[in-house]
Structures are given as C-alpha cells and as structure tokens.
Amino acid sequence: TEPELLSIVIKCVNFAAIKHKDQRRKDEKETPYINHPIGVANILIEEGKIHDPIVIIAALLHDTVEDTNTTFEEIENEFGTEVCNIVKEVTDDKNLPTMERKRLQIVNAPNKSHKAKLVTLADKLYNLRDLQNSVPVGWSQDRVKEYFKWSKAVIDGCRKTNFHLERQLDLIFAERVSQE
Ligand code: NDP
Ligand code: ZN
C-alpha cells in the first residue's frame, strides 16, 4: 500500500492547494496560504514524530472547510470518514460570532480526540511562530498578546498529547513571558 499512500497524500496536497489558491497569510509578505497547512503537516512529522497518515492528511485539509468553499461531504467522499471527522473537530462554526468561536475552542479542546488534539497543537505552534516572525498587517501589540494568551488556553486543553509539540509550545510561551 506504500505507492497508494503516496498517491493519496499528493492528491490531498493538490486538493488543498487548489482550494486555498487565492488566499494569502496575514503576514506583510502575503505568503501563499497553502504554506500553512503543509507546514502544519510537516511539524507533525518532523517535530511531533507523528507518522499516522490519517493525522497528516487531516492536517493538510484542516482549514479547507473553515476558509474555503469546501464541504465536509467533499472531504468524506475524497478522503474518508476518519479524516473528515478530524477536520470537523478542528473546524470553527462560522455562523457563530468570533468571540464565541474563540471561547468554544478553549471549552471544547479537552473533549477533542487524540488525533484532533495533535492537529490543534501543530496548528497553534505554526501560527505562534508566524506571529514571532512578523506581526500581521494592522495588528497592535495588544492583539498579538491576546492571541498568545488565547492560544495557551486552547493548548492547555490539549495537554498530555505529544511531548515534543508541547515542549516547543512551552518554549515559545516562556520566551514571551521573559520579554514582558
Ligand atoms: P484572527 O482570528 O483574525 O487571526 C488569527 C488567525 O489568522 C490565526 O489563528 C490563523 O488561523 C490565521 N493567520 C493567517 N496568517 C497568520 C499569520 N501570519 N500569523 C498568525 N496567524 C495567521 O485574529 P484574532 O484571533 O486576534 O481576532 C479575532 C477577531 O477579533 C477578528 O475578527 C478581529 O477583527 C477582532 N479583533 C481582535 C482584536 C484583539 O485584540 N484580539 C483587536 C481588533 C479586532 P488559521 O490557522 O486558520 O490560518
Ligand atoms: Zn490553521
């Protein structure tokens, strides 16, 4: 099944690249959005030592439903129920107000599956590193600070999931505190 798996992963990267093709990150350089899901999958493999293809494929797709016209039905048909369920767990309900969505991420984190927690940890690690590298256009220092604080609350609900990822996140938080 090795060559088959390779085909599925390439199909998945291609799917995500097409879905995110017109989107950019919020950094000054307007990095292509697809760098983010690919980077999250890479963090899981290289730093988290995660080699479960279901988790990697879910990571590659994790922002497609939230940020593009992709439906869960599409994900389920193309990549299966298990992948679809993880993507569901990490997708915010866009019908809710922003602040409620942020609150729910904190509240729901502890109830997520192990695989969804892995994706959440790598996602937050990627975004916090992004923020360390450059402050998004139009963001105040206060807003950056709030984002770190909120991320920490979400991550604290995903503890005892992956030693390596949690250590990297803790290093980032320790660095922040020492700068205050
Ligand atoms: P947003 O939720 O608007 O932005 C953060 C998200 O953007 C990240 O979780 C990440 O999500 C994505 N992202 C894209 N590019 C980057 C990047 N370069 N670095 C980091 N993340 C990136 O920000 P807030 O959570 O701060 O704000 C939420 C809402 O509150 C917004 O709608 C905003 O208008 C409002 N607001 C908040 C203020 C505050 O002080 N917090 C001040 C003013 C307004 P992903 O993984 O999905 O790509
Ligand atoms: Zn993301």
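Keep in mind the model is a prediction, meaning the values are calculated, not measured.

Examining the coordination of the zinc ion (ligand 2)
Put simply, a metal with four donors set out as a tetrahedron has ideal angles of 109.5 degrees, and one with six donors set out as an octahedron has ideal angles of 90 or 180 degrees.
Stage number 1. Coordination sphere of the zinc ion (ligand 2), protein contribution only: His36 (NE2), His62 (NE2), Asp63 (OD) and Asp123 (OD), at 2.1 to 2.3 Å.
Stage number 2. Written as a sequence motif, the donor arrangement for the zinc ion (ligand 2) is H-x25-H-D-x59-D. Note that His36 is positioned in helix 2 (residues 35-46) and Asp63 in the loop between helix 3 (53-61) and helix 4 (64-67), a separation of 27 residues in sequence.
Stage number 3. Overall, Asp63 belongs to the buried group, its relative accessible area being 6%.

Overview of the site of ligand 1
Stage number 1. Near ligand 1 you find 17 residues, and of these Arg25, Lys26, Tyr33, Lys102 and Tyr147 are the closest.
Stage number 2. Within the side chain of Asp63, a nitrogen or oxygen atom sits 3.2 Å from an oxygen atom of ligand 1.
Stage number 3. With the chains in place, 72% of the 890 Å² that ligand 1 exposes on its own is no longer accessible.
Stage number 4. Looking at the shell around ligand 1, the elements that each hand over two or more residues are helix 7 (98-108), helix 8 (114-133) and helix 9 (141-156).
Stage number 5. At 4 residues, the largest contribution of residues to the shell around ligand 1 is made by helix 8.
Stage number 6. Among the residues making up the shell around ligand 1, the classes are represented as 5 nonpolar, 3 polar and 9 charged.

Describing the pattern of salt bridges
Stage number 1. Going through the model one piece at a time under the given rule, you end up with 14 salt bridges.
Stage number 2. Each member of the salt-bridge network shares a partner with another, and the members are Lys152, Asp156, Arg159 and Asp170.

Regarding helix 2
Stage number 1. Under the 1.5 Å per step criterion, the end-to-end length of helix 2 is 16 Å for 12 residues, consistent within 8% with the ideal 16 Å.
Stage number 2. Listed as buried for helix 2 are His36, Pro37, Gly39, Val40, Ala41, Ile43 and Leu44.
Stage number 3. Packing partners of the buried residues in helix 2 comprise helix 3, helix 8 and helix 10 (163-179).

A word on the confidence of the model for the protein chain
Detailed conclusions should not be drawn from predicted coordinates in areas where pLDDT is low.
Stage number 1. Mean pLDDT over the protein chain stands at 97; residues scoring 70 or higher make up 99%.
Stage number 2. By mean pLDDT, the top-scoring element of the protein chain is helix 2 (99), and the lowest-scoring one is helix 10 (93).
Stage number 3. Prediction confidence for the complex, expressed as pTM and ipTM, is 0.96 and 0.94 respectively.

So, unusual backbone geometry
Stage number 1. Of note in the backbone geometry, Glu30 takes a positive phi value of approximately 50° without being a glycine.
Stage number 2. Tracing the backbone shows Glu30 in the loop between helix 1 (2-19) and helix 2.
Stage number 3. Not every positive phi belongs to a glycine, and Lys49 is a case in point at roughly 60°.
Stage number 4. Residue placement: Lys49 occurs in the loop between helix 2 and helix 3.

Points about the nonpolar core
What tends to happen in soluble globular proteins is that the nonpolar side chains get buried as a cluster.
Stage number 1. Residues Leu44, Leu61, Ile75, Val83 and Leu128 are the most contacted members of the largest nonpolar core, which totals 44 residues.
Stage number 2. Elements with a contribution of two residues or more to this core: helix 1, helix 2, helix 3, helix 5 (72-79), helix 6 (81-89), helix 8, helix 9 and helix 10.
Stage number 3. Sort the elements by how many residues they give to this core and helix 8 lands first, with 9 residues.
Stage number 4. Setting aside residues no more than four positions away along its own chain, Val83 makes contact with Ile54, Ile57, Ala58, Leu61 and Ile75.

A few points about the packing of helix 9 against helix 10
Stage number 1. For the pair helix 9 and helix 10, the least separation of the axes is 11 Å and the interaxial angle reads 140°. Handedness of the helix 9/helix 10 crossing: left-handed. Across from Gln141, Val144, Lys145, Phe148, Ser151, Lys152 and Ile155 in helix 9, the residues of helix 10 making contact are Leu169, Ile172, Phe173 and Arg176.
Stage number 2. Residues of the contact of helix 9 with helix 10, tallied by class, amount to 6 nonpolar, 2 polar and 3 charged.

Section: the side chain of His36
Stage number 1. By relative accessible area, which is 0% here, His36 ends up buried.
Stage number 2. Not counting chain neighbours up to four residues away, the residues in contact with His36 comprise Arg25, His62, Asp63, Asp123, Tyr126 and Asn127.

Analysis parameters
Residues numbered from 1 in each chain as written. Chains lettered and ligands numbered in written order. Predicted model: local features only at pLDDT ≥ 70, side-chain atom pairs only at ≥ 80, totals over all residues. Heavy atoms only, no water. Donors = N, O, S within 2.8 Å, 3.2 Å for Na, K, Ca; no water. Helix = DSSP H or I, 4+ residues; strand = E, 2+ residues; numbered from the N terminus. Buried < 20%, exposed > 50% of the residue type's maximum accessible area, 1.4 Å probe, protein only. Near = heavy atom within 4 Å. Polar contact = N/O pair within 3.5 Å; in protein donor to acceptor, adjacent residues only side chain to side chain. Areas by Shrake-Rupley, 256 points an atom, 1.4 Å probe, with all protein chains shown as cover. Nonpolar A, V, L, I, M, F, W, Y, C, P; charged D, E, K, R; others polar. Salt bridge = Lys/Arg side-chain N within 4 Å of Asp/Glu carboxyl O. Expected span 1.5 Å × (residues − 1). Contact = heavy atoms within 4.5 Å. pLDDT = per-residue confidence, 0-100. Core = buried A, V, L, I, M, F, W, Y, C linked by side-chain atoms within 4.5 Å. Axes fitted to C-alpha atoms, helices over the stretch in contact; angles between N-to-C directions. Left-handed = near helix turned anticlockwise from the far one by under 90°.

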